[in-house]
Amino acid sequence: MTALSRTRIKICGLTREADVVAAVEAGADAIGFVLYAKSPRAVTLDRAAELASRLPPFITPVLLFVNEDAPKVIASLAHVKGAIAQFHGEETPGQCEEASGPGRFRYMRAARIPMGAAGAAFDLVKYASDYSHAQAILLDAHVEGYGGGGKAFDWSLLPPAVDAHLVLSGGLTPANVSDGIRILRTRCKTLSVDVSSGVEIDGPGNKGLKDAGKIRQFVAAVRAADASFSS
């Protein structure tokens, strides 16, 4: 396995210290904090900074924004050391550039892929070209609201070759993440995965509360998928 073939892992929507510790100990590469007040997983900027301060070196904090004003995004990124942005609303390429400094901070841009057969009509190649300054394009299912819906789109309908680093998200679980890696690994520069609802504690009212066992299972499934490519 080469360095570029290792699937990197982001655990998103964290709200508790214990979950940050669990994600780090399991081997996550990035930790996501939702700064969108309407999300059930939302945290304040100060809370995100407090949780991010617990991260060891080489683990990246990611701040999720939805249609936020550029000055607030820039101030937030400056407040959380080492953070990158994830734009998850209707931000245009120009708005992403403005809100990133421009060029001062790195960012990912979410592509909201329609569910079912309609996903085939989404032009991911053009989307990646339009947002060519993004560090990566994050693929999520287009559901009501902005992310965290626990729904997976049809991965097989994506183009066979996309000139971008992709981050697969939307409905991932320890049970299906290896299938997503198998389908998409060869279609892009590099592939990462992003999970939120798939590693949460079962039951209503538990959004934002992660299950350490599920996090470990998810990471193990990703590593097993990586090993299958190197064998």
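Treat the numbers as computed from the prediction; the structure is a model and nothing was measured.

What counts, and where the lines are drawn
- For every chain, the first residue of its written sequence is number 1, and the numbers climb from 1 along that sequence.
- Thresholds applied to this predicted model are a pLDDT of at least 70 for local features of residues and 80 or more for the giving and counting of side-chain atom pairs; totals over whole chains, interfaces and linings are not thresholded and use all residues.
- Side-chain numbers come from the whole structure's heavy atoms, not from hydrogens or water.
- In these notes, a set of buried Ala, Val, Leu, Ile, Met, Phe, Trp, Tyr and Cys residues joined through side-chain atoms within 4.5 Å is what counts as a nonpolar core.
- Here's how the labels work: a residue is buried when its accessible area is under 20% of the maximum for its type, exposed when over 50%, partly exposed in between, all with a 1.4 Å probe on protein chains only.
- Secondary structure counts use DSSP, requiring at least four H or I residues in a row for a helix and at least two E residues in a row for a strand, with both numbered from the N terminus.
- Contacts are assigned to residue pairs with any non-hydrogen atoms lying within 4.5 Å of each other.
- Strand pairing follows a simple DSSP-based rule, namely that at least 2 bridges must link the two strands.
- Note on method: axes are straight lines fitted to C-alpha atoms, helices fitted across the in-contact stretch only, with angles between N-to-C directions ranging 0 to 180 degrees.
- Put simply, two rings from Phe, Tyr or Trp (the six-membered ring, in Trp's case) pair if the centres are within 6.5 Å, and we call them stacked under 30 degrees between planes, edge-to-face over 60, tilted for the rest.
- Angle categories are assigned with fixed cut-offs, so that under 35 degrees is roughly parallel, over 145 is roughly antiparallel, 65 to 115 is roughly perpendicular, and the rest are oblique.
- By the definition used in this description, the sense in which the near helix is turned from the far one sets the handedness, with an anticlockwise turn below a right angle giving left-handed and a clockwise turn giving right-handed.

Enquirer: Account for the nonpolar core, naming residues and giving values.
Expert: Core analysis: the largest hydrophobic core is formed by 64 residues, its most contacted members being F33, L124 and I137. Looking at this core element by element, the count peaks at six residues for helix α7 (residues 212-230). Those residues within four positions of I137 in sequence are excluded, and the remaining contacts are R109, A111, L124, Y127, A128, Y131, A164, H165, L166 and V167. The next biggest cluster of nonpolar side chains, apart from the first, holds eight residues, and it includes I84, M108, A110 and V167.

Enquirer: Give me the sheet that holds strand β8 (residues 191-195): which residues, what numbers.
Expert: Strand order in this closed barrel of eight strands is β1-β2-β3-β4-β5-β6-β7-β8, and the pairing throughout is parallel. Across the sheet, the mean angle separating the axes of adjacent strands is 30° when strand polarity is ignored. Sheet topology places strand β7 (residues 166-168) next to β8; three bridges connect them, and they run parallel. By the bridge assignment for β8, L166 is matched with L191. Those strands touched by helix α6 (residues 177-184) are β6 (136-141), β7 and β8, and its axis lies near 155° from that of β8.

Enquirer: Please provide a residue-by-residue account of the packing of aromatic side chains, values included.
Expert: Summed over the entire model, instances satisfying the criterion amount to four aromatic pairs. Judged by centre distance (6.3 Å) and plane angle (35°), the rings of F65 and F87 are tilted. On the criterion of sequence distance, the pair formed by F65 in strand β3 (residues 60-65) and F87 in strand β4 (residues 84-87) is long-range, its members being 22 residues apart. Across this residue pair, the class does not change: F65 and F87 are buried. Judged by centre distance (5.4 Å) and plane angle (45°), the ring pair of F122 and Y127 falls under tilted. Each member of the pair, F122 as well as Y127, is classed as buried. Taken together, the ring pairs in this structure connect F65, F87 and Y107 into an aromatic cluster.

Enquirer: Describe the packing of helix α1 (residues 17-26) against α7, with residues and values.
Expert: Helix-helix packing is characterised by the crossing angle of the two axes and by the distance between the axes. It is the contact of α1 with α7, at a shortest axis distance of 9 Å, that shows an interaxial angle of 25°. Between α1 and α7, the angle falls in the class roughly parallel. Judged by the sense of rotation from one axis to the other, the crossing of α1 with α7 is right-handed. Touching D19, A22, A23 and A26 of α1 are A212, I215, R216 and V219, all from α7.

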